[in-house]
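So you can see what is in the structure, the chains are spelled out below.
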Amino acid sequence: MSSTPPFFETSHVYKRFGTKIALRDVNVTLVAGESVALLGANGAGKTTLLRTLATLSRPTRGQVLAFGVEAWGARADVRSRIGVVAHQPYVYPELTCTENLAFFATMFGLDDVGRRAATALDRVGLTKRADDRAATLSRGLLQRLNLARAILHEPLVLVLDEPDTGLDAAGREVLSEIVRSQVARGGSVVLTTHALEYGVDLATRVVVIAEGQVVLDQPRERVSDVEVAAAIAGSALAGR
Amino acid sequence: MRKVWSLVWKDLLVEFRGREFLGAMVVFALITIVTLNFAFDLIRGDREAPGAGGLWIAFLFAGMLGLGRSLAVERDRGTLEGLTLCPVDAGTIFLGKFISNVLFIVIVQAVSLPVFYALYNLPSLRPMVFLIALVGAVGFAGLGTLFSAVAASSRAREILMPLLLFPLAIPLVIGTVRATTLIFQGESGDAWPWFNLLAAFDVIFVTLSYVVFDLVLEE
């Protein structure tokens, strides 16, 4: 039996914003080779949970372990092992696609930044736009560049918050390929999406969250689309 | 240091292509210098002290304009979060932003000093003036970078920034104006104690800002 700790493990995590409780008693794990679809209605707490895993938000109560250590205390190390796509693209409109990726590659302490940037751009299908400024990209292409930035340093875990936003069919295929290859090489992915079928298709495990609580956590093969949809619908009703 | 210089390179490239605030800083400084020149034309006595004061009003207020925007723009765009997600300590981000801000203020000074010389007929193009201008820029950018990060997350940042920055910058304002006045009066030797005070200010506040930057950057 392997003694490798889970990539992420939350124990009784709570997050409060003023009087609003965004997460309550959340216990989830993420292990190697897993792709977790984190689903739920608007305001259910998906983004807050992802931000907590990504060490962008500190839990009010409870513990988040990342790679076996307390995540917040080791956040610089945790951040070097994860790739994050959030709602806002973390790129500079004034810089070209290559310049953006070269900059972030340097910030991640990578060598051969030009090759890294070119490889990442190739994976997301942006090679032809490599020398164009990010400001000239459409919403979908900007999201691809955002994905390229997230995979630049070949992270162990991809934390993707609605990564399919703005993507067309070809863009979604690029995203699917990135998720599948991440899982195939022993990494893991946790993603949120409002495209239920698409998210469930990419997942090896499905987690549904409602009002900050996990209401369903099952391996993909043990849960039907109808059950997932019912859990999300229930969470939407609970949120009203 | 590779990461620090990469941050500086990025800031310069973004600014020179996007023209977010450097142009506004230069124009503000020039307008201040020109406007105050009309007022000082009416002064019959020595113009050294009011001239030095006017010069530093132009530098500090123009610097405030740039410092206020330097981290606010990053926060509004979300790129500040992108930076914090990189495995770099907050001190590295501080140093990158600090050096960029010093360079922007120095550019404003480089453009303003010859104009000031032409209008005021005061010896503003002397090495000692350049030295005081540089230590003033370093201290102001050091404190300003820290408070820019504090104010960036506030909706009232345009008010908050000067309220936080200027009280602490008072020793720097006094030191730069007094030293510049002495140089304009031809007593450069007497300006050295002020230079030493400014250098000490720079060391203390840049170090302090570097150390506490982590607290203001993280949630």
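What counts and how
Residues numbered from 1 in each chain as written. Chains lettered and ligands numbered in written order. Predicted model: local features only at pLDDT ≥ 70, side-chain atom pairs only at ≥ 80, totals over all residues. Helix = DSSP H or I, 4+ residues; strand = E, 2+ residues; numbered from the N terminus. Contact = placed C-beta atoms within 7 Å. Pairing = 2+ DSSP bridges. Axes fitted to C-alpha atoms, helices over the stretch in contact; angles between N-to-C directions. Nonpolar A, V, L, I, M, F, W, Y, C, P; charged D, E, K, R; others polar. Buried ≥ 20, exposed ≤ 12 C-beta atoms within 10 Å, placed from the backbone. pLDDT = per-residue confidence, 0-100. Core = buried A, V, L, I, M, F, W, Y, C linked by C-beta atoms within 7 Å. Expected span 1.5 Å × (residues − 1). Arc of directions from axis to C-beta.

Participant: Honestly, the overall build of chain B in this entry has me stumped. Any pointers?
Facilitator: Of the regular secondary structure elements, chain B holds eight helices and zero strands. Ordered by position from the N terminus, the helices and strands of chain B form the series α-α-α-α-α-α-α-α. The dimensions of chain B, computed from C-alpha atoms along their principal axes, are 55 × 35 × 30 Å. Contacts in chain B between residues far apart in sequence, at least 24 positions, make up 83% of those at least 6 positions apart.

Participant: Hey, could you run me through the sheet that holds strand β9 (residues 188-192) of chain A in this one?
Facilitator: Picture the strands of a sheet paired through backbone hydrogen bonds; they go either parallel or antiparallel. All names here are of chain A. Read from one edge to the other, the open sheet built from six strands follows the order β7-β8-β9-β4-β10-β11, with strand pairing classed as mixed. Here the strands that pair on one side only, and so sit at the sheet edges, are β7 (82-85) and β11 (213-219). Geometrically, the sheet is characterised by an average inter-axis angle of 15° between neighbouring strands, direction not taken into account. Where strand β4 (residues 35-39) meets strand β10 (residues 205-210), four bridges bridge the pair, whose relative direction is parallel. Among the inter-strand pairings, V36 is bridged to a residue of β10, identified as R205. Where helix α5 (residues 139-151) meets the sheet, it contacts β7 and β8 (157-161), and its direction lies at approximately 165° from that of β7.

Participant: Before we go on, may I ask you to explain the interface of chain A and chain B in this structure?
Facilitator: The parts lose accessible area when they come together, and the size of an interface is often stated as this lost area. Counting from both sides, the interface comprises 20 residues of chain A and, opposite them, 19 residues of chain B. Residue assignment for the side of chain A that touches chain B shows that the elements contributing at least two residues are α2 (75-80) and α3 (97-107) of chain A. Among the elements that line the side of chain A that touches chain B, the one with the most residues is α3 of chain A, at four residues. Of the residues assigned to the side of chain A that touches chain B, the class counts are 12 nonpolar, five polar and three charged.

Participant: I would appreciate a short explanation of unusual backbone geometry in the present structure.
Facilitator: Note: most residues except glycine have negative phi, and most peptide bonds are trans. Residue and element names in this part refer to chain A. For T55, which is not a glycine, the phi torsion comes out positive at approximately 60°. Inspection of the secondary structure assignment puts T55 in the loop between α1 (46-53) and β5 (61-66). For T55, a count of 25 C-beta atoms within 10 Å puts it in the buried group. Residue E154 is not a glycine yet carries a positive backbone phi of 50°. Mapping E154 onto the fold places it in the loop between α5 and β8.

Participant: Explanation requested: the confidence of the model for chain B in the structure shown.
Facilitator: Reading fine detail from the predicted coordinates is not recommended where pLDDT is low. The predicted model of chain B averages 90 in pLDDT, with 98% of residues at 70 or higher. In the predicted assembly, ipTM is 0.86 and pTM is 0.88.

Participant: When you look at the nonpolar core in this model, what are you seeing that I'm missing?
Facilitator: Of all hydrophobic cores here, the largest spans 147 residues; its most connected members are L101, A148 and V159 of chain A together with M25 of chain B. Looking at which element gives the most residues to this core, the answer is helix α6 (residues 127-152) of chain B, with 14 residues.

Participant: Looking at this structure, how should I read helix α1 (residues 2-18) of chain B?
Facilitator: In an α-helix there are 3.6 residues to a turn, and that puts residues three or four apart on one side. Taking 1.5 Å per residue as the helical rise, α1 of chain B with its 17 residues ought to reach 24 Å, and the 24 Å between its terminal C-alpha atoms agrees with that figure. When α1 of chain B is considered as a whole, its buried residues turn out to be K3, S6, L7, K10, D11, V14 and E15 of chain B. Viewed along the axis of α1 of chain B, the buried residues span an arc of 160°, placing them on a single side of the element. Residues of α1 of chain B that are exposed and point more than 90 degrees away from the buried face comprise R2 and F16 of chain B. Tucked into the core, α1 of chain B has its buried residues touching α3 of chain A together with α2 (22-40) and α5 (90-120) of chain B. Of the residues trailing α1 of chain B, R19 of chain B is marked for its positive phi of about 45°.

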